[in-house]
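# Descriptive structure summary
Chain by chain, the residues:
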Amino acid sequence: MADKTLRIAAFDPGITGGIAIYSSGDYLVKEMPVFSSKKGKKKINILDCTAISTILVDYSVEKIYLEDVNAAPHQGVVSMFNFGKGLGQLIGMIQTLGLPYEKIRPIEWKKYHKLLKCDKKASIAKVAQILPNVDVPTSSRGNRHEGASEALLILEYAKEINK
């Protein structure tokens, strides 16, 4: 039986990531809140830390779980710099709210869900299997959102380690 007093959130960090919250027995799953800004002639997306912090406060979150991500060989320098910048913003926002947080390595939550060496589509399928009634946002392609689905799986792992 799930602990109905548990109030935690999990993040799949990054612009295309997601946030999942478990509070008082209910779930909230969202795409990562972002806003658009201009950098010269280029439009860029930036994490909306104001919206994220509002969600965390509104749901009385007591602890955060962040996916402990690292650079991958195929990722470019600019994209990894931007990703690291976003992760730093997220951690700074969490610290400003005074919330404790813990990093969870992908291998931990993926092993728990039997998703090692699987792609994001497998994560979406796993969410549909284990939490079919939880509302997960859909992507522009009409599928469940990958980042939101992975945030939900990280959340489920975090619930397990909190038992």
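As the structure is a computational prediction, the values presented were derived from the model and not from experiment. (Residues numbered from 1 in each chain as written. Predicted model: local features only at pLDDT ≥ 70, side-chain atom pairs only at ≥ 80, totals over all residues. Heavy atoms only, no water.)

### Thoughts on the overall build of the protein
Within the protein, the regular secondary structure consists of five helices and seven strands. The linear arrangement of helices and strands in the protein, starting from the amino end, is β-β-β-β-β-α-β-α-β-α-α-α. Radius of gyration (C-alpha) of the protein: 15 Å, near the 15 Å computed for a compact globule of 163 residues. For the protein, the spread of C-alpha atoms along the principal axes amounts to about 50 × 35 × 30 Å. Out of the 163 residues belonging to the protein, those deemed buried represent 41%. Once local pairs closer than 6 in sequence are excluded, the contacts in the protein between residues at least 24 apart make up 61%. Approximately 9,300 Å² of the protein is accessible, and the part contributed by carbon and sulfur atoms is 52%. (Helix = DSSP H or I, 4+ residues; strand = E, 2+ residues; numbered from the N terminus. Rg over C-alpha atoms; globule rule 2.2 N^0.38 Å. Buried < 20%, exposed > 50% of the residue type's maximum accessible area, 1.4 Å probe, protein only. Contact = heavy atoms within 4.5 Å. Areas by Shrake-Rupley, 256 points an atom, 1.4 Å probe, with all protein chains shown as cover.)

### Considerations on the packing of aromatic side chains
Inspection of the entire model under this criterion finds two aromatic pairs. Between Tyr22 and Tyr27 the ring centres are 5.2 Å apart and the planes differ by 65 degrees, which places this aromatic pair in the edge-to-face class. Given a relative accessible area of 2%, Tyr22 falls into the buried group. For Tyr27, a relative accessible area of 27% puts it in the partly exposed group. It is Lys159 that lies over the ring of Tyr22; its NZ or CZ is 4.1 Å from the centre. (Phe/Tyr/Trp six-rings, centres within 6.5 Å; stacked < 30°, edge-to-face > 60°. Lys NZ or Arg CZ within 6 Å of the ring centre and 35° of its normal.)

### Overview of the environment of Ile130
Counting through the fold element by element, Ile130 comes out in helix 4 (residues 120-130). Separated by 23 residues in sequence, Ile130 and Leu153 have C-alpha atoms that sit 9.5 Å apart.

### Observations regarding the nonpolar core
Generally speaking, a soluble globular protein has its nonpolar side chains buried in company with each other. Among the nonpolar cores identified, the biggest contains 22 residues, and Ile8, Val29, Tyr65, Ile104, Trp109, Leu152 and Leu155 are the most heavily contacted of them. When residues of this core are traced back to their parent elements, those giving at least two are strand 1 (7-12), strand 2 (18-23) and helix 5 (146-161). Sort the elements by how many residues they give to this core and helix 5 lands first, with eight residues. Those residues in contact with Ile8 that sit more than four places away from it in its chain are Ala20, Ile21, Tyr22, Val61, Lys63, Tyr65, Leu155, Ala158, Lys159 and Asn162. Grouped together as the second largest cluster of nonpolar side chains are 20 residues, Ala9, Phe11, Leu56 and Val61 included. (Core = buried A, V, L, I, M, F, W, Y, C linked by side-chain atoms within 4.5 Å.)

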